[in-house]
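The chain contents come next:
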Amino acid sequence: MGSILRAAGCYQAQSIRYTGERYARAKAFSTDTKNAYLKISVTHVDTVIDPIKDKHLTKVAVELVEGATPLPLFEHPEQALYIFGPEDGSIEQDVVDQCDHVVYIPTVGCMNLAATVNVLLYDRMAKTAVMPLGDEVIKNSRDTNNRTKAK
């Protein structure tokens, strides 16, 4: 979850919802090294999709599901709720059935949850017209020990 929080912070996600108890147990290990939880709403929910609160969001399941769209061909909606499966399982069929889209990341084998979140959020940013560019982005984003410059 720490890696997911870091990815959400890097790619400016607005919120994270989670089900189950894993995050509550892992929270004590302080794996969120950039303290993203201070800027991003992190909420435990009983069900991933709330039909009333989420009616304005396009629901996108990200899973290795037969018939899914490969991520390189997917056009991200402006207002999206991305739903990822658990580290050691899959998104439940009834949740997939409620989604507007199902996408997968074409790889050989499956990636872990944090890697999947990073790739999806990077793809979303890379396909937008507002991608941050330039030396100021680099200076503001890198770790304090990195002062390397390109020739």
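Residues numbered from 1 in each chain as written. Predicted model: local features only at pLDDT ≥ 70, side-chain atom pairs only at ≥ 80, totals over all residues. Heavy atoms only, no water.

**A few points about the nonpolar core**
Move 1: By size, the foremost hydrophobic cluster in this structure holds 17 residues, and its most contacted members are Ile16, Val60, Val62, Val103 and Leu120.
Move 2: Looking at this core, the elements that each hand over two or more residues are α1 (2–10), β3 (58–62) and α4 (113–126).
Move 3: Apart from residues no more than four positions distant in its own chain, Ile16 is found in contact with Met1, Ile4, Leu5, Ala8, Ile40, Ser41, Val42 and Thr43.
Move 4: The next biggest cluster of nonpolar side chains, apart from the first, holds 11 residues, and it includes Leu57, Ala68, Ile83 and Val96. (Core = buried A, V, L, I, M, F, W, Y, C linked by side-chain atoms within 4.5 Å. Buried < 20%, exposed > 50% of the residue type's maximum accessible area, 1.4 Å probe, protein only. Helix = DSSP H or I, 4+ residues; strand = E, 2+ residues; numbered from the N terminus. Contact = heavy atoms within 4.5 Å.)

**Re α4**
Every α-helical turn comprises 3.6 residues, leaving residues that sit three or four positions apart pointing alike.
Move 1: Over its 14 residues, α4 runs 20 Å from end to end, which matches the ideal 20 Å to within 8%, given 1.5 Å per residue.
Move 2: Where α4 is concerned, the buried positions are Ala114, Thr116, Val117, Leu120, Leu121 and Asp123.
Move 3: Buried residues along α4 sit against α1, β3, β5 (80–84) and β6 (101–104).
Move 4: At the N-terminal end of α4, a side-chain oxygen is found 3.3 Å from the backbone nitrogen of Ala114, two or three residues along, and the residue is Asn112. (Expected span 1.5 Å × (residues − 1). Polar contact = N/O pair within 3.5 Å; in protein donor to acceptor, adjacent residues only side chain to side chain.)

**What about the layout of surface pockets?**
Move 1: Volume-wise, the second largest pocket comes out at about 300 Å³.
Move 2: Glu63, Leu64, Cys110, Met111 and Thr116 are the residues nearest the centre of the second largest pocket, which is lined by 16 residues in total.
Move 3: Residues belonging to the lining of the second largest pocket are distributed by class as follows: nine nonpolar, five polar and two charged. (1 Å grid on protein atoms, 1.4 Å probe; cavity = no way out; pocket = protein on both sides within 12 Å on 5 of 7 lines; lining within 4 Å. Points joined across faces, edges and corners; volume = space filled by probe spheres on them. Nonpolar A, V, L, I, M, F, W, Y, C, P; charged D, E, K, R; others polar.)

**Some remarks on the sheet that holds β6**
Move 1: An order of β4-β6-β3-β5 is seen for the four strands of this open sheet, with the pairing classed as parallel. What marks the edges here is a single partner per strand, and that holds for β4 (69–70) and β5.
Move 2: Relative to the sheet, α4 contacts β3, β5 and β6, its axis offset from that of β5 by approximately 155°. (Pairing = 2+ DSSP bridges. Axes fitted to C-alpha atoms, helices over the stretch in contact; angles between N-to-C directions.)

**Considerations on the pattern of salt bridges**
Move 1: In the structure shown here, the tally under the stated rule is two salt bridges.
Move 2: Residue Asp123 pairs with Lys127 through a salt bridge whose shortest N-O separation is 2.9 Å.
Move 3: Asp123 gets classed as buried once you look at its relative accessible area, which sits at 13%. (Salt bridge = Lys/Arg side-chain N within 4 Å of Asp/Glu carboxyl O.)

**Observations regarding the packing of α1 against α4**
Move 1: The geometry of α1 relative to α4 is characterised by a closest axis approach of 8 Å and an angle of 10° between their N-to-C directions. Taken together, α1 and α4 sit at an angle that is classed as roughly parallel. Along its contact with α1, which presents Ser3, Ile4, Ala7 and Ala8, the element α4 presents Leu113, Ala114, Val117, Asn118 and Leu121.
Move 2: Within the contact of α1 with α4, the residues separate by chemical class into seven nonpolar, two polar and no charged. (Parallel < 35°, antiparallel > 145°, perpendicular 65-115°, else oblique.)

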